[in-house]
Amino acid sequence: MSIELESTGTFTIGDKSVHRLGFGAMSLTGPGVWGPPRDHDEAVRVLRRAVELGVDLIDTADSYGPYVSEELIREALHPYPEQLLIATKAGFVRTGPAQWVAVGRPAYLRQEVEMSLRRLGLERIDLLQLHRIDPEVPLEDQLGELKALQDEGKIGTIGLSEVSVEELERSRRVVEIVTVQNRYNLTNRVSEGVLEHCEEQGIGFIPYSPIAKGALAAPGSPVDHVAKDLGATPAQVSLAWLLARSPVTMPIPGTSTVAHLEENLAASTVELTAERMSELEKTTGVR
């Protein structure tokens, strides 16, 4: 199984240029993104193998576990390779298995950034993403606090997650936004307009749930026939489509096993023609 991350191209975030196929570390936690992984040692192996294979963008969040994902990253990879960019998030609280609550109070965001720095063993977070906009707190206050932390040297660059074009542009009036992370895959293209806007503005677009939580990788999925024709897996075709969709996309497939990690990263060698791209889009439709 060939892996050629160089073929995915790069995207520059702050002072680092990263390969456009990264790793999402949410799946390293327990069921419901709650508690420790079922297999701690395998989670550590996954992170180390990802870096060995050239992954230099790892996406995590304080709420994954909570805290478990960040702690595993430090255990597995600290001291970090110079090129590695760890992107984390704050502003979305995990109160129990499969439970999420947006909390954007400035004091809380500051606390979580400080704690993420400690857990990850960093002096600066290269990319801090506001995990969700808290509707109970003025957006300007939430991003203003992150900008203050940026001015203090504790945050390198700032991103957003699950936002509309209007929210993105409103945010950009407060602070520079370098990335947007929205749910986006072949079967869920609700954020198509956001992606197009990011491309126009040179903002990175990180599509989470790139394989639709495994649905696109299942036998008989809408991409199965194309995968068979290309001698690839449905997951690889789904990721290859995201990479080909725009030069600003940076898929971050996650997994808890080394075998699945290697399968996902092999998407870097799958080439899709314009005809194949169109075929996939027509087959899957838009939801």
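So, a few notes on the structure that sits alongside this text.

**Topic: the overall build of the protein**
Helix and strand counts for the protein stand at 10 helices and 11 strands. What you see for the protein is a C-alpha radius of gyration of 18 Å, in line with the 19 Å of a compact globule of 287 residues. In terms of its C-alpha atoms, the protein occupies a principal-axis envelope of roughly 55 × 40 × 35 Å. In the protein, the proportion of contacts linking residues at least 24 apart, taken out of those at least 6 apart, comes to 73%. Surface summary for the protein: the accessible area is close to 11800 Å², and the carbon and sulfur share equals 49%. Looking at charge distribution, the protein has the averaged site of its 28 positive side-chain charges lying 3 Å from that of its 42 negative ones.

**So, the pattern of salt bridges**
Inspection of the entire model under this criterion finds 21 salt bridges. Between R49 and E52 there is a salt bridge, and its shortest N-O distance comes to 3.2 Å. On the criterion of helical spacing, the pair formed by R49 and E52 is a turn pair, its members being 3 residues apart in helix α1 (residues 40-52). For R49, a relative accessible area of 28% gives the class partly exposed. E52 gets classed as exposed once you look at its relative accessible area, which sits at 58%. Measuring nitrogen to oxygen at the nearest pair gives 3.6 Å for the salt bridge that ties K154 to E152. In this structure K154 comes out as partly exposed when scored by relative accessible area, which is 22%. One salt-bridge network, in which partners are shared between bridges, spans R110, E114, E145, E152 and K154.

**A word on the packing of aromatic side chains**
Counted under the stated rule, the structure contains 4 aromatic pairs. When the ring of Y64 is compared with that of W100, the centres are 6.4 Å apart and the planes differ by 85 degrees; the resulting orientation is edge-to-face. Residue Y64 is found in the loop between β4 (57-59) and α2 (68-77), and its partner W100 is found in strand β7 (residues 99-102); the two are separated by 36 residues along the sequence. When its relative accessible area of 6% is taken as the criterion, Y64 is described as buried. On the numbers, 5.6 Å between centres and 90 degrees between planes, the contact of Y184 with F205 is edge-to-face. Taken together, the residues Y184 in the loop between β10 (179-183) and α6 (192-201) and F205 in strand β11 (residues 204-208) connect sequence positions 21 residues apart. Take Y184 and F205: they sit in the same class, and that class is buried. Here the aromatic residues Y64, F92 and W100 are joined through ring pairs into a cluster of three or more. Just above the ring of W100 sits the side chain of R94; from NZ or CZ to the centre is 3.8 Å.

**A look at the sheet that holds β11**
With parallel pairing, 7 strands are arranged side by side in an open sheet as β3-β4-β5-β8-β9-β10-β11. Each edge of the open sheet is held by one strand with a lone partner, namely β3 (23-24) and β11. Pairing analysis gives 3 bridges linking strand β9 (residues 155-161) to β10, with the strands arranged parallel. If you follow L160 over to β10, its bridge partner there is V180. Those strands touched by α6 are β10 and β11, and its axis lies near 155 degrees from that of β11.

**Regarding the pairing of β10**
Across the 5 residues that make up β10, a large majority, 4, are buried. Handedness of the crossover joining β9 and β10 through helix α5 (residues 165-172): right-handed. Pairing of β10 with β11 involves 5 bridges; the strand directions are parallel. The residue of β11 that forms the bridge with Q181 is I206.

**Focus: the packing of helix α8 (residues 234-245) against helix α10 (residues 274-284)**
Relative to each other, α8 and α10 sit at 115 degrees, their axes nearing to 11 Å. The orientation of α8 relative to α10 falls into the category roughly perpendicular. As for how α8 packs across α10, the hand of that crossing is left-handed. Between α8, through V237, W241, A244 and R245, and α10, the contact on the second element is made entirely by M277, L280 and E281. For the contact of α8 with α10, the class distribution of residues is 5 nonpolar, no polar and 2 charged.

Parameters at a glance
Residues numbered from 1 in each chain as written. Predicted model: local features only at pLDDT ≥ 70, side-chain atom pairs only at ≥ 80, totals over all residues. Heavy atoms only, no water. Helix = DSSP H or I, 4+ residues; strand = E, 2+ residues; numbered from the N terminus. Rg over C-alpha atoms; globule rule 2.2 N^0.38 Å. Contact = heavy atoms within 4.5 Å. Areas by Shrake-Rupley, 256 points an atom, 1.4 Å probe, with all protein chains shown as cover. Lys, Arg positive; Asp, Glu negative; His and termini not counted. Charge placed at Lys NZ, Arg CZ, Asp CG, Glu CD. Salt bridge = Lys/Arg side-chain N within 4 Å of Asp/Glu carboxyl O. Buried < 20%, exposed > 50% of the residue type's maximum accessible area, 1.4 Å probe, protein only. Phe/Tyr/Trp six-rings, centres within 6.5 Å; stacked < 30°, edge-to-face > 60°. Lys NZ or Arg CZ within 6 Å of the ring centre and 35° of its normal. Pairing = 2+ DSSP bridges. Axes fitted to C-alpha atoms, helices over the stretch in contact; angles between N-to-C directions. Right-handed = clockwise from strand over helix to strand, strands pointing away. Parallel < 35°, antiparallel > 145°, perpendicular 65-115°, else oblique. Left-handed = near helix turned anticlockwise from the far one by under 90°. Nonpolar A, V, L, I, M, F, W, Y, C, P; charged D, E, K, R; others polar.

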